[in-house]
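What the coordinates show
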Amino acid sequence: MEVDRFAVVVKERMGRPRRNERRSRGDRLFDALRDLVETGDLLADTRLPSERALADALGLSRGTVASAYLALSRVGLVERRHGSGSYVRAGGRPTFARWLREGTIVVDLAKSVVPDTSLLPDLALRVEDLLDARPQDGYGPAGDARLRELIAAHELPAGFAAEDVVVTTGTQQAIHLVADALLRTGDRVLVEPTTYPGMLAAVQRFGAEAVPVPSDRHGFEVDALRSAIRRHRPAFVFSLPVHNPTGAVVSARRAEAVARVAAAEGVLLVEDRTLAHLAGGPVPSAAAHASDRTICLGSLSKTTWGGLRLGWAAAPAPVRALLLEAKQRTDLACSALDQQLAIHLLRDPDRPARVRAWSDTLTVRRDHFAAELTEHLPEWEWTLPRGGLSLWARLPGVDGEDFVAIALRHGVAVSPGAVFAPVPGAAADRIRLSYAWPEPVSSQAVELLVAAWRAAR
């Protein structure tokens, strides 16, 4: 639940205090939240925002919000779970009908992200733990050596070492640094027919051109890639082993074949492995076959929380030196506090099990969302994704960008397919939908999509 949007609804329900109003702000907050629960406008088992977050969003004291939550629990409308937060007690079928306003997003399927902070473990850290920076002044362009060792050991394909890693502010900055370091005006980058929009933006930002190369569900078509390399002599080839937006996963045979083509043609490969832990098993890398020509990118955003802006780029020594120069042109160093938190997260012995559990949860949510689409929107065309957090759908006879606008008016946000395509007009009848939300939210989202589809048709 996004606290700012929730706060807008709560404020509307609280209303303005009437003249001679005898209810305190805490009483008005309690009444507003009770009304949202009792009318079914809040999903059963919904996790409410933290007391501090809601207090900040509403401009109230934390004690006022805490008192309202406690009162709700006493009347049986909210359940307070130790160490987890406050949840709406299970009840009847929820509805968001009362929330709908022109342009108001009820369910956001446009962002394929971890929905909340529930994947962050309680590490019981002290302030001193977060201030244990290396170096002590906090200005380490490559990142804390201890963190780089953990990234190399736990997050990268075999063969990379700590000295290959540059810590970044998320994968998006890693992509920006690669583009800054390697691209010049007029250069070309080979990409799949649809790819991550952040890379397309970075390529454009540095005056280069993204050139699509045919691919299938296993990755780049090898002969087409070889021909494109010889024709365009690209600065690098960009790939997504777990593809965004389609959710396809590269095969081991294709990863090896692409690596051998890159080695033979003398071209660099850039792998964005941000989703590599979310494919139900190991995801092959070209680095296993062309380590001196492969740059691997990643982050903690899809396995932990997007608010922790911590990513990395691992590269052969000559390229890493260029990335470090680009990093120092950009922001000198990543937040030392974020790096210390990441160190403790990666040292947590329960992290592998937690990541596997999150991947399993996503599989369940994907299957639920897919079943809902099959039942209620049978005209839509899509292939069940093998990994990631999103589903790539074709809307027969409807423009994707037009549908995005209609869907917003019905309270659900989706991503237009056109933003994933390097060629204007491509993927115009496509949209990307996140399935990372809990099943009740996904079901409600499909209801809103059905209403939007009827309007679009």
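Residues numbered from 1 in each chain as written. Predicted model: local features only at pLDDT ≥ 70, side-chain atom pairs only at ≥ 80, totals over all residues. Heavy atoms only, no water.

Some details on the packing of aromatic side chains
Rules: Pairing of aromatic rings covers Phe, Tyr and Trp, the last counted by its six-membered ring, and requires centre-to-centre distances within 6.5 Å; plane angles under 30 degrees mean stacked, over 60 mean edge-to-face, and any other angle means tilted. Per the convention used, a helix needs a DSSP run of H or I reaching at least four residues, while a strand needs a run of E reaching at least two, with both numbered from the N terminus. Only protein chains enter the accessibility calculation, which uses a 1.4 Å probe; a residue whose area is less than 20% of its type maximum is buried, one above 50% is exposed, and one in between is partly exposed.
One pass over the full model with this rule turns up 4 aromatic pairs. Here Trp-380 and Phe-403 contribute two aromatic rings whose centre-to-centre distance is 5.7 Å and whose plane-to-plane angle is 85°, an arrangement assigned as edge-to-face. Taken together, the residues span a long stretch of sequence, with Trp-380 in the loop between α13 (351–376) and β13 (381–382) and Phe-403 in helix α14 (residues 400–409) at a distance of 23 residues. Judged by its relative accessible area of 4%, Trp-380 falls in the buried class. Residue classification places Phe-403 among the buried residues on the basis of a relative accessible area of 0%. Each ring, one from Phe-403 and one from Trp-453, has its centre 6.1 Å from the other, and the planes form 65°; the classification is edge-to-face. Of the two residues, Phe-403 is situated in helix α14 and Trp-453 in helix α15 (residues 439–456); the sequence distance between them amounts to 50 residues.

Brief notes about the pattern of salt bridges
Note the cut-off: Counted as salt bridges are all cases of a side-chain nitrogen of Lys or Arg within 4 Å of a carboxyl oxygen of Asp or Glu.
Per the stated rule, a full pass over the model turns up 25 salt bridges. Residue Asp-367 is joined to Arg-366 by a salt bridge in which the shortest nitrogen-to-oxygen separation is 2.9 Å. Two residues, Asp-429 and Arg-394, come together in a salt bridge whose shortest N-O distance is 2.8 Å. Remark: Arg-394 occurs in strand β14 (residues 390–394) and Asp-429 occurs in the loop between β16 (415–416) and β17 (430–434); sequence separation between them is 35 residues. Exposure remark for Arg-394: the relative accessible area of 26% places this residue in the partly exposed category.

Side note on the environment of Val-191
How we decide: Between two residues, a contact is recorded if the distance between any of their heavy atoms is within 4.5 Å.
As for its placement among the helices and strands, Val-191 is situated in strand β5 (residues 188–191). Exposure remark for Val-191: the relative accessible area of 0% places this residue in the buried category. In this structure the C-alpha to C-alpha distance between Val-191 and Ser-239, which are 48 residues apart in sequence, comes to 6.5 Å. Dropping the residues within four chain positions of it, Val-191 is found in contact with Ala-210, Val-211, Pro-212, Val-213, Phe-220, Phe-238 and Pro-422.

With respect to the nonpolar core
Note the cut-off: We define a nonpolar core as any set of buried Ala, Val, Leu, Ile, Met, Phe, Trp, Tyr and Cys residues linked to one another through side-chain atoms lying within 4.5 Å.
Counting residues in hydrophobic clusters, the biggest one holds 45 residues, and the most contacted among them are Val-107, Leu-109, Trp-380, Phe-403, Val-414, Leu-433 and Leu-449. Contributions of two or more residues to this core are made by α13, β14, α14, β17 and α15. Looking at this core element by element, the count peaks at 8 residues for α15. Ala-174, Ala-210, Ala-313 and Val-319 belong to the second largest nonpolar core, which has 33 residues in total.

Shape descriptors only; they carry no functional weight alone.
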